[in-house]
Amino acid sequence: MATESFVRLINHRIIAHKDQDYLNYILFNHATVPDRTDYILDHNAENPLPFLLDDIEKQNLLKPNFIVLTCNTAHYFFDIIQGATEIPVLHMPREAAKKLKQTNPNGGKVAFLGTEGSVKAGIYQAEIEKQGFEAVIPNKELQTKVNNLIYRDVKENDYINTELYLEILTDAYNGLECQNVVLGCTELSLVQENIVENPYPVIDAQSILADRTIELALKSRSSE
């Protein structure tokens, strides 16, 4: 569902008046890649890296202009993945942190919401702090709510639980006393996409990645 959400974003945001105006892209929806969080939390679990590298090897044969890694947690392996190809791979946490700085030049406390794997990996926290912010991770109670929204609601039941999502944001802003929130999980981005009016500002990594994808794709097209 999160993959479908990303594709829908780039299709809807491109200015198109005919079929040929849309972007050319190849989608790898490799659903059976082992769970990234399971491995990050316990290296005895099956390692997803060989599967991801196999995907990169296949994509190398297709010679795209760039590669987009839409799974936030998979960025734990980013350096190895980029090292396996000469094709540029967009770094979603880095792009989100850059956008955070553009929209919030004065810094402050920023909550990072994502899987336990992403939280433990610390990639988002590092990128956020590079931009001059204080990165704040959820306490156990809040992380449990985030886990339930990601896994129980969206992944398992295809349920867009907007009520729980807004409760999570309230906890992040009021409980953690943050001035902004970074959504670092595509399931969270999927729920955000369905919010008509959000009282809280968020930095949606998937949305930012979609905009960056369109920008680079159009730039590549104009140079061909």
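Structure first, text after, so check above.
These remarks concern the structure in this document. Every value quoted in this text rests on a predicted model; they were computed, and no experiment measured them. (Residues numbered from 1 in each chain as written. Predicted model: local features only at pLDDT ≥ 70, side-chain atom pairs only at ≥ 80, totals over all residues. Heavy atoms only, no water.)

1. Concerning a nonpolar patch on the surface
Consideration 1: A cluster of nonpolar side chains, contributed by Ile26, Phe28, Leu61 and Leu62, occupies part of the molecular surface with about 420 Å² of accessible area.
Consideration 2: The topology assignment puts Leu62 in helix 3 (residues 49-62). (Patch = residues over 30% accessible without salt bridge, like charges linked within 9 Å, V, L, I, M, F, W, Y side chains within 5 Å. Areas by Shrake-Rupley, 256 points an atom, 1.4 Å probe, with all protein chains shown as cover. Salt bridge = Lys/Arg side-chain N within 4 Å of Asp/Glu carboxyl O. Helix = DSSP H or I, 4+ residues; strand = E, 2+ residues; numbered from the N terminus.)

2. Some details on the pattern of salt bridges
Between side chains of opposite charge, a pair can form as their charged atoms come close.
Consideration 1: Taken as a whole and judged by the stated rule, the model has 13 salt bridges.
Consideration 2: For Lys130, the salt bridge identified is with Glu127, shortest N-O distance 3.6 Å. One end of the pair, Lys130, and the other, Glu127, are both in helix 7 (residues 123-130), three residues apart, so they sit about a helical turn from each other.
Consideration 3: Salt-bridge contacts for Arg212 lead to Glu215; the nearest nitrogen and oxygen are separated by 2.9 Å. Here the residue Arg212 and the residue Glu215 both occupy positions in helix 11 (residues 205-223), the gap between them amounting to three residues, near one helical turn.
Consideration 4: Here Arg212 falls in the partly exposed class, since its relative accessible area comes to 24%.
Consideration 5: Taken together, the shared-partner salt bridges connect Glu4, Arg8 and Glu193 into one network. (Buried < 20%, exposed > 50% of the residue type's maximum accessible area, 1.4 Å probe, protein only.)

3. Notes on the sheet that holds strand 4 (residues 134-136)
Consideration 1: Taken in spatial order, the four strands make up an open sheet running 4-3-5-6, and their pairing is parallel. Every interior strand has two partners, whereas the edge strands, strand 4 and strand 6 (202-204), have only one. The mean angle between the axes of side-by-side strands here comes to 25 degrees, regardless of whether they run parallel or antiparallel.
Consideration 2: Taken strand by strand, helix 5 (residues 92-103) contacts strand 3 (109-113), strand 5 (180-183) and strand 6, and its axis lies near 145 degrees from that of strand 6.
Consideration 3: With respect to the sheet, helix 9 (residues 162-175) is in contact with strand 3, strand 5 and strand 6, its orientation differing from that of strand 5 by roughly 135 degrees. (Pairing = 2+ DSSP bridges. Axes fitted to C-alpha atoms, helices over the stretch in contact; angles between N-to-C directions. Contact = heavy atoms within 4.5 Å.)

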